[in-house]
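Chain by chain, the residues:
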Amino acid sequence: MKIHMKSMFPARNSWGNITQSLDILKRSSTRTAVRITLTKGVNMTDPGGYARLIEFAEPDYVELKAYMHLGFSRKRLSQENMPSHDEVLDFSRKVAKELDYCIAD
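Now for a quick tour of the structure. Here the residue numbering is sequential within each chain, running from 1 through the sequence in written order. The model is predicted, so local features are restricted to residues of pLDDT at least 70 and side-chain atom pairs to those at 80 or more, both for listing and for counting; the totals for chains, interfaces and linings are taken over all residues. To obtain the side-chain values, all non-hydrogen atoms of the structure were used and water was disregarded.

1. Some remarks on the packing of helix 2 (residues 47-57) against helix 3 (residues 85-99)
Inclusion rule: Helix axes use the C-alpha atoms of the stretch in contact, all axes being lines fitted to C-alpha atoms, and the angles between their N-to-C directions lie in the range 0 to 180 degrees. Numbered from the N terminus, helices here are DSSP runs of H or I no shorter than four residues, and strands are runs of E no shorter than two. Angle categories: roughly parallel below 35 degrees, roughly antiparallel above 145, roughly perpendicular from 65 to 115, and oblique for all the rest. For a crossing to be left-handed, the near helix must be turned anticlockwise from the far one by less than a right angle; the clockwise case is right-handed. Only heavy atoms matter for contacts: two residues are in contact if any of them lie within 4.5 Å across the pair.
At a minimum axis separation of 8 Å, helix 2 and helix 3 run at an interaxial angle of 55°. Taken as axis vectors, helix 2 and helix 3 run oblique relative to one another. Between helix 2 and helix 3 lies a crossing whose hand is right-handed. Contacts between helix 2 and helix 3 involve Pro47, Gly48, Tyr50, Ala51, Ile54 and Glu55 from the former and Phe91, Lys94, Val95, Glu98 and Leu99 from the latter.

Dropping the structure here:
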């Protein structure tokens, strides 16, 4: 199997697609969820920024979960990028505080 390096990374102009998806989510008449995979050293910064995105999408559920060092991701990330449960919980508390949410589980 031939793998192109370009397929390992998101498209440069993907921000428009992300905001469009969040807008569609907001307008949905079904239950919605935002799931964010937290990766240590990559995206566990700016809890307020995540809170603003979540507010924009108005999902019914929010799930912040840990990156797991499995599958193809092992080619670009290391085991050190897996946050501990405590690190995920700490970051989740910061996002929840920004949103005035409580953590259910």
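2. Observations concerning helix 2
Selection rule: Using a 1.4 Å probe on the protein chains alone, a residue whose accessible area is under 20% of its type maximum counts as buried, one over 50% counts as exposed, and one in between counts as partly exposed.
What helix 2 keeps buried is the set Pro47, Gly48, Gly49, Tyr50, Ala51, Ile54 and Ala57. Tucked into the core, helix 2 has its buried residues touching helix 1 (15-27), strand 1 (33-38), strand 2 (61-66) and helix 3.

3. Concerning the pattern of salt bridges
Cut-off, in case you're wondering: Counted as salt bridges are all cases of a side-chain nitrogen of Lys or Arg within 4 Å of a carboxyl oxygen of Asp or Glu.
Under the definition given, this model contains 4 salt bridges. Close ionic contact of Asp23 with Arg27 constitutes a salt bridge, the shortest N to O distance being 3.1 Å. With Asp23 and Arg27 both in helix 1 and 4 residues apart, this pair spans about one turn of that helix. In this structure, Glu87 engages Lys40 in a salt bridge whose closest nitrogen and oxygen atoms are separated by 3.4 Å. Of the two residues, Glu87 sits in helix 3 while Lys40 sits in the loop between strand 1 and helix 2, which places them 47 residues apart along the sequence. By relative accessible area, Lys40 is classed as partly exposed at 31%.

4. What about the side chain of Thr32?
Following the sequence through the fold, Thr32 ends up in the loop between helix 1 and strand 1. For Thr32, a relative accessible area of 6% gives the class buried. In this structure Thr32 touches Leu25, Glu58, Pro59, Asp60 and Tyr61, once residues within four positions along its chain are discounted.

5. Comments concerning the layout of surface pockets
The condition is simple: Computed over the protein atoms alone on a 1 Å grid, cavities are sets of points where a 1.4 Å probe fits but cannot get out and pockets are open sets with protein on both sides within 12 Å along at least five of seven lines; a residue lines them when it has an atom within 4 Å of a point. Grid points are joined across faces, edges and corners, and a volume is the space filled by probe spheres set on the points. Note that Gly is not counted as nonpolar here; it falls among the polar residues with everything else outside the nonpolar set of Ala, Val, Leu, Ile, Met, Phe, Trp, Tyr, Cys and Pro and the charged set of Asp, Glu, Lys and Arg.
In this structure, the largest pocket occupies an estimated 530 Å³ of space. Looking at the largest pocket, it is lined by 18 residues, and the ones nearest its centre are Val62, Leu64, Ile103, Ala104 and Asp105. In terms of residue count, helix 3 provides more of the lining of the largest pocket than any other element does, 7 residues in total. Class assignment of the residues belonging to the lining of the largest pocket gives a composition of 13 nonpolar, 2 polar and 3 charged. Approximately 160 Å³ is the volume found for the second largest pocket. Lining of the second largest pocket is provided by Trp15, Ile18, Leu22, Val34, Arg35, Ile36, Tyr50 and Leu53. Looking at the lining of the second largest pocket residue by residue, the class counts come to 7 nonpolar, no polar and 1 charged.

6. Section: the side chain of Ser73
Convention followed: For this analysis, a polar contact is any N or O atom pair within 3.5 Å, provided that within protein one partner can donate a hydrogen and the other can accept it, and provided that sequence-adjacent residues contribute only side-chain to side-chain pairs.
For Ser73, the position within the fold is in the loop between strand 2 and helix 3. At 2.7 Å, the side chain of Ser73 forms a polar contact with the side chain of Tyr67. Setting aside anything within four residues of it in sequence, one finds Ser73 in contact with Tyr67 and Met68.

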